[in-house]
Amino acid sequence: MDDVDHLVRRVRAGETEAFAEIVRRFERPVWRVVAAMLQDFGAAADVMQQVFVDAYTRLHQYRLDGSFEGWVKAIARNRTRMELR
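Colleague: Please give an account of the nonpolar core that cites residues and values.
Modeller: Counting residues in hydrophobic clusters, the biggest one holds 26 residues, and the most contacted among them are Ile22, Val30, Val34, Val51, Phe68, Trp71 and Val72. When residues of this core are traced back to their parent elements, those giving at least two are helix H1 (3–12), helix H2 (18–38), helix H3 (41–57) and helix H4 (68–84). Among the elements that take part in this core, H2 stands out by supplying nine residues, more than any other. When sequence neighbours within four positions are dropped, the list of residues in contact with Val34 reads Ala44, Val47, Met48, Val51, Ala76 and Thr80.

Colleague: Describe in detail the packing of aromatic side chains, supporting the description with residues and values.
Modeller: If you walk through the whole model with that rule in mind, you get six aromatic pairs. Each ring, one from Trp31 and one from Phe41, has its centre 5.7 Å from the other, and the planes form 35°; the classification is tilted. A residue pair is termed long-range when its members are at least 10 positions apart, and Trp31 in helix H2 and Phe41 in helix H3 qualify at ten residues. Pairwise contacts between aromatic rings join Phe26, Tyr62, Phe68 and Trp71 into one cluster.

About the criteria used
- Residues numbered from 1 in each chain as written.
- Predicted model: local features only at pLDDT ≥ 70, side-chain atom pairs only at ≥ 80, totals over all residues.
- Heavy atoms only, no water.
- Core = buried A, V, L, I, M, F, W, Y, C linked by side-chain atoms within 4.5 Å.
- Buried < 20%, exposed > 50% of the residue type's maximum accessible area, 1.4 Å probe, protein only.
- Helix = DSSP H or I, 4+ residues; strand = E, 2+ residues; numbered from the N terminus.
- Contact = heavy atoms within 4.5 Å.
- Phe/Tyr/Trp six-rings, centres within 6.5 Å; stacked < 30°, edge-to-face > 60°.

Laid out in structure tokens, this is it:
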């Protein structure tokens, strides 16, 4: 089992502290997506926080056999597009 999938399972089981490790692991890739799209670091920081809130609330939708990085980057792109509108 993938290490990230293990963390996801822990969060789903109620161990919400495990989500902090997920954020730590994926904050850089998410930052790169959001900052590149917005070109505004202040706004990017706010959007990035919302991306991880979205990921947490939608964690039940993540398929354990998928790429977590790809999944969270898709959330980042969608959230950033909403911000740009």
